[in-house]
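# Commentary on secondary and tertiary structure
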Amino acid sequence: MKIENKSKINTQHIQDLLDEFYPFAKKRFGFDQDPILEFISDEENSLNPLGKTAYYNPSNMTITLFVDKRHPKDIMRSFSHELVHHTQNCCGDLDMSQPAGPGYAQNNAHLRAMEEDANLRGTMCFRDWEDNFKQSNPLTERKERLFYKLQKKLW
């Protein structure tokens, strides 16, 4: 998977976790084409309590993750969710012929079903990987907490 860091922060710690998670998710979801992953910064968005966290562009198979002031685990969950949309796109299930503007998950039954699928499978895939990862790497959770504290001081 190609990763482009277009953000203002060092995302190596997240990329290291993605290197562990991505093969697990790819096998679980069964997609055959790798997406492009972009990390972006948006200070204004990060100040909005209901701002964007991520989105998927099916036309160029790009997952965009907002990384400003977010916990790595939250970023990983967003990535897993968007990987389900990528899977839906690869399978031909993600019909984007209708606009996906505000309220699309309430106004379009098909896109609502796609969101429900991404919420369920994305969350459970990440949870299954995380539980397995922590069991095989018991110091990981402690390291993550320490890293997060250090990162907060740098903000």
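Let us look at the structure shown here. It should be emphasised that the depicted structure is a prediction, and the values quoted were computed from it without experimental measurement.

## Here's the deal with the packing of helix α3 (residues 72–91) against helix α5 (residues 109–136)
Relative to each other, α3 and α5 sit at 130°, their axes nearing to 8 Å. As judged from the angle between their axes, α3 and α5 are oblique. Relative to α5, α3 is oriented so that their crossing is right-handed. Within the contact between the two elements, α3 uses Lys73, Met76, Arg77, Ser80, His81, Val84, His85, Thr87 and Gln88 and α5 uses Met114, Glu115, Asp117, Ala118, Asn119, Arg121, Gly122, Cys125, Phe126, Trp129, Glu130 and Lys134. By residue class, the composition of the contact of α3 with α5 is 7 nonpolar, 7 polar and 7 charged.

## A few points about the side chain of Glu130
If you trace the backbone, Glu130 turns up in helix α5. A polar contact of 2.8 Å, which involves the side chain of Glu130, links it to the side chain of Lys73.

## Some points on the layout of surface pockets
Taken as a whole, the largest pocket encloses approximately 560 Å³ of empty space. Lining of the largest pocket is provided by 24 residues; of these, Ala54, His81, Glu82, Tyr104 and Glu115 occupy positions nearest its centre. Elements with a contribution of two residues or more to the lining of the largest pocket: β3 (54–57), α3 and α5. Partitioned by chemical class, the residues of the lining of the largest pocket number 12 nonpolar, 8 polar and 4 charged.

What counts, and where the lines are drawn
- Residues numbered from 1 in each chain as written.
- Predicted model: local features only at pLDDT ≥ 70, side-chain atom pairs only at ≥ 80, totals over all residues.
- Heavy atoms only, no water.
- Axes fitted to C-alpha atoms, helices over the stretch in contact; angles between N-to-C directions.
- Helix = DSSP H or I, 4+ residues; strand = E, 2+ residues; numbered from the N terminus.
- Parallel < 35°, antiparallel > 145°, perpendicular 65-115°, else oblique.
- Left-handed = near helix turned anticlockwise from the far one by under 90°.
- Contact = heavy atoms within 4.5 Å.
- Nonpolar A, V, L, I, M, F, W, Y, C, P; charged D, E, K, R; others polar.
- Polar contact = N/O pair within 3.5 Å; in protein donor to acceptor, adjacent residues only side chain to side chain.
- 1 Å grid on protein atoms, 1.4 Å probe; cavity = no way out; pocket = protein on both sides within 12 Å on 5 of 7 lines; lining within 4 Å.
- Points joined across faces, edges and corners; volume = space filled by probe spheres on them.

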